[in-house]
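Spelled out from the first residue to the last, the chains are:
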Amino acid sequence: MFFKKTIREASNQYLDRLFDIKSSFQRFNQKYDIFNRAMWDDKVNPKKFFISYDIANYAPKKAKGFDHWDYAFRNASWHMTDVVGEYNLESEGKVEGFTDYYSLHTQGPPMKAELKTPEETTARVKQAAKMFGAGSVGICELDQRWIYSQHFNRKIEDAQPLDIPEDYKYAIVLIIPMDYNLSKTFPAALSGAATGLGYGVGLLAANTMAQFITNLGYNAIASLNDSALSIPMAIEAGLGEYGRHGLLITPEFGPNIRIAKIFTDMPLIPDQPVEFGVRKFCEICNHCAQKCPVKAIPMGQAQEEPPNISSLSGIKKWTTNAEKCFKFWVGMNTDCAICIRVCPYNKDYSKWWNRLGIMLANSPLRKFMLWLDDRLGFGQRKAPTEWWNKN
Ligand code: SF4
Ligand code: SF4
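Below or above, wherever it landed, is the structure these notes cover. (Residues numbered from 1 in each chain as written. Chains lettered and ligands numbered in written order. Predicted model: local features only at pLDDT ≥ 70, side-chain atom pairs only at ≥ 80, totals over all residues. Heavy atoms only, no water.)

## Quick word on the packing of helix H3 (residues 68-85) against helix H7 (residues 192-215)
- The geometry of H3 relative to H7 is characterised by a closest axis approach of 8 Å and an angle of 30° between their N-to-C directions. Taken together, the axes of H3 and H7 are roughly parallel relative to one another. Relative to H7, H3 is oriented so that their crossing is left-handed. Every residue of H7 that contacts H3 at Phe73, Arg74, Ser77, Trp78, Met80, Thr81 and Val84 is listed here: Gly192, Ala193, Thr195, Gly196, Leu197, Tyr199, Gly200 and Leu203.
- Class assignment of the residues belonging to the contact of H3 with H7 gives a composition of eight nonpolar, six polar and one charged. (Axes fitted to C-alpha atoms, helices over the stretch in contact; angles between N-to-C directions. Helix = DSSP H or I, 4+ residues; strand = E, 2+ residues; numbered from the N terminus. Parallel < 35°, antiparallel > 145°, perpendicular 65-115°, else oblique. Left-handed = near helix turned anticlockwise from the far one by under 90°. Contact = heavy atoms within 4.5 Å. Nonpolar A, V, L, I, M, F, W, Y, C, P; charged D, E, K, R; others polar.)

Here you go:
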């Protein structure tokens, strides 16, 4: 797209500059991820949050978007991700896709496939990823800073070493779009289905891609939220920019996405980061920070220090307070993504006028775009019943 600027700088150096990464920076230990802290840290009490995802134990409420139909639908959207991901939970403490990478692959052939030119090999890999469910795909060199220093094991309730082989030099990063109409109903149990389905498609796309590469005689590991921080990798892979709400904003689907990735030793051509005006727009916007019910998203400039142990330190960025955010999720018994819903980049970009809007956001007319966005009522919540009645 012509409104995107490609950054002609080594991707890792670009992130150094973008986030002012200090020498004190340390890789993130997944033990401190808020969902894992809920397992061992008394300060983070999940109450019945996780149980509500169990089909036999959710507690429907009278509120619209939280009734029996809504929870049944949301939990069904998570079903395959849970069944596959928790296959080794009882025996090994693994939640594949969240605390551990996937271990589903069938061994490949002893012979490696003959590779095409680097350009054609890379193009074929991207073509396959789109066929397998990715909305967009990019490649980055594996930057060790984003790999977790340790990952969390739910059986021993503690961190363990992570074993991604050093010769896995690349990551194929997949953007999985979530349903736009469902995301307009956040927060509700109903809209949690957008999240669940996003992970379900991510599970399919990442594992199928990893098996494809394995079948070609190379090595590959499929991953969702486990093993490494997806957002900086997606930025390095040229898939989007970082927003005030701490999420990736893509030019094709805004922030309404999930991210999956595949680590591999297959030689590929990395992409370059891109910019399309997000940082400047976030500086004048603040919608997510204003509309967050628990004020977990910072206003003003990027912070030098994280609000608590659940975020990276030694890096200057807008950081959401994960403790406040998760507490709100627990109170609702479902995930919230009001910050995605109200973001002016959350649009249906199959419409030309919305593509025009993203261009205005990247121009001196960005204040006008923000005003227009408000006037036209974008970001307002749709009633969950409207979604059910639509069809
Ligand atoms: S998910 Fe909800 S509670 Fe959490 S930061 Fe976003 S708006 Fe706030
Ligand atoms: S809502 Fe506004 S401030 Fe927040 S991420 Fe989106 S554009 Fe940036």
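## What to know about the site of ligand 1
- In the vicinity of ligand 1, the residues found are Cys292, Val294, Ile297, Thr320, Cys325, Phe328, Trp329, Cys336, Ile338 and Cys339.
- Secondary structure elements with two or more residues in the shell around ligand 1: helix H11 (322-332) and helix H12 (338-341).
- It is H11 that provides the largest number of residues to the shell around ligand 1, a total of three residues.
- Among the residues forming the shell around ligand 1, the class breakdown is nine nonpolar, one polar and no charged. (Near = heavy atom within 4 Å.)

## Overview of the packing of aromatic side chains
- According to the stated counting rule, one finds 25 aromatic pairs in the structure shown.
- Here the aromatic rings of phenylalanine 50 and phenylalanine 326 are separated by 6.2 Å at their centres, their planes lie at 35°, and the arrangement is tilted. Residue phenylalanine 50 is located in the loop between helix H2 (34-40) and H3, and its partner phenylalanine 326 is located in helix H11; the two are separated by 276 residues in the primary sequence.
- Judged by relative accessible area, which is 32%, phenylalanine 50 ranks as partly exposed.
- Looking at phenylalanine 326, the relative accessible area reads 3%, which means it is buried.
- An aromatic cluster is defined as three or more aromatic residues linked by ring pairs; in this entry it consists of Phe35, Phe49, Phe50, Tyr53, Trp78, Phe98, Tyr199, Phe326 and Trp329.
- Positioned over the ring face of tryptophan 40 is lysine 31, at 4.9 Å from the centre of the ring.
- The side chain of arginine 74 reaches across the aromatic face of tyrosine 53, ending 3.5 Å from its centre. (Phe/Tyr/Trp six-rings, centres within 6.5 Å; stacked < 30°, edge-to-face > 60°. Buried < 20%, exposed > 50% of the residue type's maximum accessible area, 1.4 Å probe, protein only. Lys NZ or Arg CZ within 6 Å of the ring centre and 35° of its normal.)

Function cannot be inferred from these measures alone, as they are strictly geometric.
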